[in-house]
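Residue strings, one per chain:
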Amino acid sequence: MRQAQFLGAGIDVQPSQFAVRTSASVAPPVREERAVSEQPLGRVVSVSGSRAVVAVGADVTRRNQSDPLSVGKLMAIEAGTSWTVGLIYAVEAAGPSRPNTMLASIELQGEIRIGAGGRGTFDRGIRTYPAVNAAVHEMHTAALETIYDYHGKQTITIGKLAQDESIEATVRVQDLLQKHFAVLGTTGCGKSSAVALLLDRILKATESTRVLMIDPHNEYAAAFKNEAEVVSPRTLSLPFWLFNFEELVDVIYRRRPGVAEEVEMLSDLIPVAKARYAQGSGLENRGGSLIRNKETDDGGYTVDSPVPYRIGDVLAMIEEQLGKLDTGETRPILRRLKARIQSVLHDTRYQFMFSSRTIEDTLGELLRTLFRIPADGKRITIVEMAGFPAEVVDAVVSVLCRMAFDVGVWGRAQLPILVVCEEAHRYVPADKRLGFGPTRRSISRIAKEGRKYGVYLGLVTQRPAELDPTILSQCSSIFAMRMANEADHAIIRSAVSDAASSTLAALPSIGNREAIAFGEAVSMPMRVRFAALPQDRLPHNQLPGLQSTLSDTETKDFVNEVVRRWRTVARRDR
């Protein structure tokens, strides 16, 4: 980082011509590289709490090859012994009475304070406001470097500053992770490639961080190649007994509300089934035949204890109850509950939950797979959600996020875990009546308490207005990409203190791979152009193209095959 030399100047403004004279007697020695323009551009004509208006002679813009008054540029305003940094968000002509004058509206961002030797340091907020008639200078590269100098803190480079592409755009990696972050933007703005770039830089900058990516469109495996462990329903055994009771009920009833009498009965049976498994697991034939004709209490287990049990034990106890003579009133309830459980067991789409392996105690093995312990060169796990039945996606996400949090708690924060949730509005919608309660609570718990246990959150969504604002407000760093919806702007404004309306006004017009970064990970809001990823490292999904993949012979049987598959699934879903 080059040391910036700031020019302290005494200003004498002649309002009629906006000419500015610099008093050389008070100026410190000028280095070859200036932080601000030697000749001021104009003067301040009004100042409010967070904004100022600057008057500039039209001849000044004509003298400069690059327009110093373009929207989005940073300006330096003299304010005693410091410089106030302002961002131009609007430019207009002063009016017929002053035809040669331009007015620039500036949003005040912070201050550069000049220390010994002319070195400047940047602080957010304004302590000393500029006065009316204060001189305004164009910022040069050295001043921009001062603003984004993080004084030795660990940073990652994510691209270039939009204002000056000779300066690398960097963010503080510790603040980015430990205080959570979000990437927001509409479809097609480069959001997925920006997320892939951020994760790649985070993994390279940290030695032990693990990443758990919830990937609803199966697109990120292409970005990480052999550096990621990719799991899907075909390769992942996620035992049903890991689901808490509310999650399991959601699976059995296929996202419909559970029948109160059946749910109550199931809640009584599961703890007993866990106790039966615990007794049977001590036998020589580990995991052998069911213990049927023996009364067993719950052994101190609850419906949410993360210990194995056999779903067959639950069905066996239902059969036992059906075989008794005094179950007249409960007999229909038992039969319906049995039918629901058997329907899920026989559905091949649920084999990742109910296969023969899922009755074993594989919790340790599952944690090693999901959180890469040991890493073996792969510190990111991508869970491809597209293959899971739609009815259980929310429950699966709930289980995964809850496991990440529990690893942080019971691992005593020794293993940093970053949970990245794509399409986050699906799981934590703004409308409390929508979504799945356990999923919302699992993600919310990470957002509110995770940092104490080394569990961090990254939210990605194209619909910020549909995302729970309480959870978004826990993300202290936000990368806002192209968005035109005013409702989206409003939720960013409410979530981030320095996301002012004038800054957000630029969001509809920024280009692909561009973002405005707000929050704790940056010194001040900055417009950044993300670095381009190599073509073979870009995320992409497996969406079908516009050309048919059917041969002429296959086309003849196509409709019959569609009908067969359709009816097969419909029969399973009854």
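Further up the page is the structure itself.
The model shown is predicted, which means the values in this text are computed figures rather than measured ones. The residue count restarts for each chain, going from 1 along the sequence in the order it is written. This being a predicted model, a pLDDT of at least 70 is required before a residue's local features are given, and a value of 80 or more before pairs of side-chain atoms are given or counted; all residues contribute to the totals for chains, interfaces and linings. Remark: hydrogens and water are excluded; side-chain values derive from all non-hydrogen atoms of the structure.

S.K.: Please clarify how the pairing of strand β11 (residues 168-172) should be interpreted in this entry.
M.R.: Regular strands place their side chains on alternate faces of the sheet. Here β11 lies mainly inside the structure; 4 of its 5 residues are buried. DSSP-based pairing: two strands are paired if at least 2 bridges between them are found. Counting from the N terminus, the helices are the DSSP runs of H or I reaching at least four residues and the strands are the DSSP runs of E reaching at least two. The turn joining strand β10 (residues 155-161) and β11, which pair antiparallel and follow one another in sequence, is formed by 6 residues. With a 1.4 Å probe rolled over the protein chains alone, any residue whose accessible area is under 20% of its type maximum counts as buried; one over 50% counts as exposed, and the rest are partly exposed.

S.K.: Before we go on, may I ask you to explain the pattern of salt bridges in this structure?
M.R.: It is possible for side chains bearing opposite charge to pair when their charged atoms get close. Salt-bridge detection follows one rule: a side-chain nitrogen of Lys or Arg within 4 Å of a carboxyl oxygen of Asp or Glu. Tallied over the full model, the rule gives 30 salt bridges. Of the charged contacts in the structure, one is a salt bridge between D175 and R172, with a shortest N-O distance of 2.9 Å. For D175, a relative accessible area of 15% gives the class buried. Taking the relative accessible area as the measure of exposure, R172 reaches 13% and is therefore buried. E320 is paired through a salt bridge with R276; the nearest N and O atoms lie 3.5 Å apart. One end of the pair, E320, is in helix α8 (residues 311-322); the other, R276, is in helix α7 (residues 260-280), and 44 residues separate them in sequence.

S.K.: In this structure, what is going on with the state of the cysteines? I would like to understand it.
M.R.: Simply put, the disulfide is a covalent bond whose two ends are the sulfur atoms of two cysteines. Throughout, disulfides are identified as pairs of cysteine sulfur atoms within 2.5 Å of each other. The final tally for this structure, using the stated rule, is 0 disulfides. Unpaired in terms of disulfides, C421 finds its nearest cysteine sulfur in C401, a separation of 5.8 Å.

S.K.: Would you mind showing me how to read the sheet that holds strand β12 (residues 181-184) here?
M.R.: Two orientations exist for strands paired in a sheet by backbone hydrogen bonds: parallel and antiparallel. If you walk across this open sheet you meet the 11 strands as β11-β10-β20-β19-β18-β12-β17-β16-β13-β15-β14, and the pairing is mixed. Two strands bound the open sheet, and with one partner strand each, they are β11 and β14 (228-231). With strand direction ignored, the average angle separating the axes of adjacent strands in the sheet is 30°. Across 3 bridges, the pairing between β10 and strand β20 (residues 526-530) is antiparallel. Note on geometry: axes are lines fitted to C-alpha atoms, helical ones only across the stretch in contact, with angles between N-to-C directions running from 0 to 180 degrees.

S.K.: Would you mind showing me how to read the nonpolar core here?
M.R.: We define the nonpolar core as a collection of buried residues of types Ala, Val, Leu, Ile, Met, Phe, Trp, Tyr and Cys that are connected through side-chain atoms lying within 4.5 Å of one another. If you look at the biggest cluster of nonpolar residues, it comprises 91 residues, and the most contacted ones within it are L238, Y309, I341 and L459. The biggest single contributor to this core is helix α12 (residues 393-410), with 11 residues. Any two residues whose heavy atoms approach within 4.5 Å are treated as being in contact. Contact partners of L238, with chain neighbours within four places excluded, come to F243, F352, M353, L366, V396, V399 and M403. Counting residues in hydrophobic clusters, the runner-up holds 59 residues, among them V173, V211, I382 and M481.

S.K.: Would you mind going over the packing of helix α6 (residues 245-252) against α12 with me for this structure?
M.R.: To characterise two packed helices, one gives the angle between the axes of the helices and the distance between these axes. At a minimum axis distance of 9 Å, the contact between α6 and α12 shows a crossing angle of 160°. As the angle between them shows, α6 and α12 are arranged roughly antiparallel. Remark: the crossing between α6 and α12 carries left-handed chirality. Residues E247, D250 and V251 of α6 lie in contact with α12, whose contacting residues are A395, S398, V399 and R402. Working definition: roughly parallel below 35 degrees, roughly antiparallel above 145 degrees, roughly perpendicular at 65 to 115 degrees, and oblique for all remaining angles. Note: crossing handedness is left-handed where the near helix turns anticlockwise from the far helix by less than a right angle, and right-handed where it turns clockwise.

S.K.: Explain the packing of aromatic side chains here, please?
M.R.: Remark: the centre distance and the inter-plane angle together describe each pair of aromatic rings, the angle taken between the planes. Aromatic rings from Phe, Tyr and Trp, with only the six-membered ring used for Trp, were paired whenever their centres fell within 6.5 Å, and each pair was classed as stacked if the ring planes differed by under 30 degrees, edge-to-face if by over 60, and tilted otherwise. Summed over the entire model, instances satisfying the criterion amount to 5 aromatic pairs. When the ring of F352 is compared with that of F388, the centres are 4.8 Å apart and the planes differ by 85°; the resulting orientation is edge-to-face. Of this pair, F352 sits in helix α10 (residues 351-354) while F388 sits in the loop between β15 (380-384) and α12; the two residues are 36 residues apart in sequence, bridging distant segments of the chain. The same class applies to F352 as to F388, namely buried.

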